[in-house]
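Single-letter residue listing:
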Amino acid sequence: MKVEKIMVIGAGQMGSGIAQVCAQAGYKVILNDLKAEYVERGLGVIRKNLSRQVDKGRMEQQAMDEVIANIEGSSDIASAKEADLVIEAAVENMDIKTKIFAQLDELAPEHAILASNTSSLPITEIAAATKRPEKVIGMHFMNPVPVMKLVEIIRGLATADEVYGTIEDITKKIGKVPVEVNDFPGFVSNRILMPMINEAIYTLYEGVASKEAIDEVMKLGMNHPMGPLTLADFIGLDTCLYIMETLHEGFGDDKYRPCPLLRKYVKAGWLGRKSGRGFYIYE
Ligand code: CAA
C-alpha cells in the first residue's frame, strides 16, 4: 500500500510530535484539530523543536524549512479526503474516538488506513465504528514523540496483515522501532507502566516516603530517566487515571484500582505539568 499523505487528527502534545516526525521523514502531512488556533499552537511547538535542532547545528535551516513546508494545517476533518493514512491523536475518550472514526470512514478514500494513537482503548471497538475494520490499527507513540523510539503497533481483531505490514514499514521510515502487540486493555506499555505509577502514588498515599524520596529510589535505584511521580506529572494525571480505569474495568481485577490520591488530585484540577501543578509545582 502506497502512503504519501498522512493526516494527523489532534495538534496537542502527541499529535504535533507525530506530525513532526512524519514530515521529517518526507511525508506530506495534514495537521488537523477542531480550531485553527489549536493547529497554530501545534505548528508552533514543531517550529520550536526544529529550531532547537538548527541552533545546535544538527539541522540546516533549509532542511527545517522543507519539513515545515511538508505540513499543512487544517481545521476541517473533510481534509481526510486527501489522506492515505490518518493517525488519530485526539483525547482519550471512546465516544469521541468512535465518532471521529465513523466520520473518517465516510470521508477518507477507500484505500486509506485509519490508525489510532490511543494509549489503552480497544482498537477492535474503535474499528467497529467503521465499515473497514481490516484497515484500522493502533499506532501508540510515546511522549515526547520526537525523542522516544518506540511505537507499539496494535492489531485489532480484524486488522489485515497487509495493513500491519504497511504501518510497520512507515514506523521504521520515521525512525522508530515498531513492536507488535495484541489488543488487550493498556496493551503492553501501559499495562506495565501505569500499575507501577499507581503503586508509587499508593506509596506516597500510605506515607511510606516523600514524593522526592519515591522518585529518587526509582531514578537512582532502577536507572529510570524520571521518577514515577515526575513521570505521572509529565504524562498528565487525568490520563493516568483514565488508563487505570480502563485497566480496572477491562480486567475487573482489584490490583488495577486507581489510588484515591490520584482521583483527588484530578478532581482538584492538579493534572501535572500541563496545569502547573501535580505532585510537583511547575512555574
Ligand atoms: N520534544 C522534543 N524533544 C524533547 C522534548 C520534547 N517535549 N523533551 C526533551 N527533548 C529532547 C531535548 O531537546 C534533548 O535533545 P538533545 O539531546 O538532542 O539536545 C533530549 O530530549 C534530552 O532532553 P533533556 O536533556 O532536556 O532532558 P532529559 O535528558 O531529562 O530527557 C526525557 C528528557 C527524554 C523526557 C527523559 O526524561 C525521559 O526519557 N523521560 C521518560 C519519558 C517516558 O517514559 N515517556 C513515556 C511516557 S508514557 C507514554 O508516553 C505512553 C502513554 O500512553 C502514557
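Residues numbered from 1 in each chain as written. Predicted model: local features only at pLDDT ≥ 70, side-chain atom pairs only at ≥ 80, totals over all residues. Heavy atoms only, no water.

**Student:** Kindly report on the packing of aromatic side chains, identifying the contributing residues and their values.
**Tutor:** Scanning all chains against the criterion turns up four aromatic pairs. Geometrically, the ring pair formed by Tyr265 and Trp270 is edge-to-face, given 5.1 Å between the ring centres and 75 degrees between the ring planes. The structure contains a cluster of three or more aromatic residues connected by ring pairs, namely Tyr265, Trp270 and Phe279. Arg155 extends its terminal NZ or CZ atom over the ring of Tyr164, reaching a point 4.4 Å from the ring centre. (Phe/Tyr/Trp six-rings, centres within 6.5 Å; stacked < 30°, edge-to-face > 60°. Lys NZ or Arg CZ within 6 Å of the ring centre and 35° of its normal.)

**Student:** Could you give me a rundown of the domain arrangement of the protein chain, with the residues and numbers involved?
**Tutor:** Segmenting the protein chain into domains produces domain 1 (5-182) and domain 2 (189-273). A separation of 27 Å is found between the C-alpha centroids of domain 1 and domain 2. Taken as a group, Glu92, Ser119 and Ser120 account for 45% of the area that domain 1 buries against domain 2, more than any other trio of residues on that side. Our count for the domain 1 to domain 2 interface comes out at four residue pairs in polar contact (both at pLDDT 80 or more). (Domains from an automatic or database assignment. Buried area = accessible area lost by both parts, 1.4 Å probe. Polar contact = N/O pair within 3.5 Å; in protein donor to acceptor, adjacent residues only side chain to side chain.)

**Student:** Describe in detail the pairing of strand β8 (residues 177-182), supporting the description with residues and values.
**Tutor:** By the bridge criterion, six bridges tie strand β7 (residues 150-155) to β8 in an arrangement that is parallel. Each bridged residue has a counterpart across the sheet, and for Arg155 the counterpart in β8 is Asn182. Read as a crossover between parallel neighbours, the route from β7 over helix α6 (residues 161-173) to β8 is right-handed. (Pairing = 2+ DSSP bridges. Helix = DSSP H or I, 4+ residues; strand = E, 2+ residues; numbered from the N terminus. Right-handed = clockwise from strand over helix to strand, strands pointing away.)

**Student:** Hey, could you go over the sheet that holds β8 for me, with residue numbers and the actual values?
**Tutor:** Backbone hydrogen bonds are what pair the strands of a sheet, in a parallel or an antiparallel way. Strand order in this open sheet of eight strands is β3-β2-β1-β4-β5-β6-β7-β8, and the pairing throughout is mixed. Every other strand in the sheet has two partners, leaving β3 (71-74) and β8 as the edge strands with one partner each. Neighbouring strand axes in the sheet, compared pairwise and without regard to direction, differ in orientation by 25 degrees on average. As judged from the four bridges shared by strand β2 (residues 28-32) and β3, these two strands associate in the parallel manner. (Axes fitted to C-alpha atoms, helices over the stretch in contact; angles between N-to-C directions.)

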